[in-house]
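Each chain, letter by letter, is given below.
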Amino acid sequence: MAKQEVSGDAGLHAFLDALNECNLPPRQHEWFHVDVSAMFSTTPIHFHEVDVETGKSLLFLGESLALLCPQQHLVHHFPRHLIHCFVEDRRHHVLLDDEAVFRAELFSISPLEEQLCWVADGLSEHEIPALQGKVAQWMGWLNRA
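The sections below set out a description of the structure shown in this document. Think of each chain on its own: its residues are numbered from 1, step by step along the sequence as written. pLDDT decides what is reported in this predicted model: residues at 70 or higher carry local features, side-chain atom pairs at 80 or more are listed and counted, and totals for whole chains, interfaces and linings draw on all residues regardless. Side-chain measures here rest on the full set of heavy atoms in the structure, leaving out hydrogens and waters.

This part is about the sheet that holds strand S3 (residues 64-69). Across the sheet, which stays open at both edges, the four strands sit in the order S1-S2-S3-S4 with antiparallel pairing between neighbours. Strands with a single pairing partner mark the edges of an open sheet, and in this sheet they are strand S1 (47-50) and strand S4 (74-79). When strand polarity is set aside, the average angle formed by the axes of neighbouring strands in this sheet is 15 degrees. For two strands to be treated as a pair, DSSP must find no fewer than two bridges joining them. Helix and strand definitions follow DSSP, with helices as H or I runs of at least four residues and strands as E runs of at least two, each counted in order from the N terminus. Of the strand pairs in this sheet, S1 and strand S2 (residues 57-60) are connected by four bridges, and their pairing is antiparallel. The axes used here are C-alpha line fits, helices contributing only the stretch in contact, and every angle between their N-to-C directions lies in the interval 0 to 180 degrees.

Here the focus is the packing of aromatic side chains. Ring pairs are drawn from Phe, Tyr and Trp, using the six-membered ring of Trp, whenever the two centres fall within 6.5 Å, and their geometry is named by plane angle: stacked under 30 degrees, edge-to-face over 60, tilted for the rest. In this structure the tally under the stated criterion is four aromatic pairs. Ring geometry for Trp31 against Phe32: centres 5.1 Å apart, planes inclined by 55 degrees, an arrangement best described as tilted. Ring pairing ties together the aromatic residues Phe15, Trp31 and Phe32, which thus form one cluster. Note that Arg80 overlies the ring of Trp141, its terminal NZ or CZ placed 6.0 Å from the centroid. Geometrically, a charge over a ring is one whose NZ (Lys) or CZ (Arg) sits within 6 Å of the ring centre while staying within 35 degrees of the ring normal.

Glancing now at helix H2 (residues 26-39). To estimate how far a helix should extend, the number of its residues minus one is multiplied by 1.5 Å. Taking 1.5 Å of rise per residue, the 14 residues of H2 would be expected to cover 20 Å, and the 19 Å separating its terminal C-alpha atoms lies within 8% of that figure. Within H2, the axis deviates most sharply at Phe32, by approximately 30 degrees. Along H2, the residues that are buried comprise Gln28, His29, Trp31, Phe32, Val36 and Ser37. Of the surrounding secondary structure, the elements contacted by the buried residues of H2 are helix H1 (10-18), S2, S3 and S4. Here the bend at a residue means the angle between the axes of two seven-residue stretches, the one that ends at it and the one that starts at it. Any residue under 20% of the maximum accessible area for its type is buried, any over 50% is exposed, and the rest in between are partly exposed; the area is computed with a 1.4 Å probe on protein chains only. In this analysis, two residues are considered to be in contact whenever any of their non-hydrogen atoms come within 4.5 Å of each other.

Quick look at H1 now. Within the sequence span of H1, burial applies to Gly11, Leu12, Phe15, Leu16 and Ala18. Projected down its long axis, H1 shows its buried positions confined to an angular sector of 155 degrees, all on one face. Of the surrounding secondary structure, the elements contacted by the buried residues of H1 are H2, S1, S2 and S3. The directions from the helix axis to the C-beta atoms are what the arc is built from.

Take a side-chain nitrogen of Lys or Arg and a carboxyl oxygen of Asp or Glu: if they are within 4 Å of each other, that pair is a salt bridge. Evaluated as defined, the whole model comprises six salt bridges. Residue Glu49 is joined to Lys134 by a salt bridge in which the shortest nitrogen-to-oxygen separation is 3.3 Å. With Glu49 in strand S1 and Lys134 in helix H3 (residues 128-143), the pair connects residues that are 85 residues apart, well separated along the chain. Judged by its relative accessible area of 4%, Glu49 is buried. Glu63 is the partner of Arg80 in a salt bridge, and the nearest nitrogen-oxygen pair spans 3.1 Å. On the criterion of sequence distance, the pair formed by Arg80 in the loop between S4 and strand S5 (83-89) and Glu63 in the loop between S2 and S3 is long-range, its members being 17 residues apart.

To continue, consider the sheet that holds S5. What the three strands build is an open sheet, ordered S5-S6-S7; its pairing is antiparallel. The two strands at the open ends of the sheet, each matched to only one other strand, are S5 and strand S7 (117-122). Within the sheet, the average angular offset between the axes of one strand and its neighbour, ignoring direction, is 10 degrees. Those strands touched by H3 are S5, strand S6 (102-108) and S7, and its axis lies near 25 degrees from that of S6.

See below:
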């Protein structure tokens with residue numbers, strides 16, 4: 001779930017707190033708490049998203065996004081002007097059992113090995129309002145002056 005930044009380092013602390021929901025190996029937790037913390041200690045984090053199954057995380061910064069991949073200890077950085085949002089509402093389509101009824105994606109136009117592809121989707125209609133809220137937050141960040 002996304003968290004709003006409250007003060008200079010509150011965004012970083014909120015992000016690190018969210019990682020407690022992830023069942024990550026000690027090396028990955030250490031990478032976040034030592035290395036990532038050092039790299040983002042002076043960068044305000046407006047909000048974040050964490051995939052609790054993998055620990056992959058997306059940090060929404062002032063003019064860019066950072067995608068953190070703990071398994072490989074990689075940080076990908078994407079300027080805001082290279083980020084795009086795609087939303088697909090499939091409530092009125094014929095769907096297979098495992099197809100998403102609503103899908104939102106943040107993606108970048110960048111080299112293949114460095115592309116951003118952050119997906120939020122739902123398999124049932126009751127998930128749509130939360131996903132629409134997430135898209136609203138993404139769009140607010142993408143379109144701010």
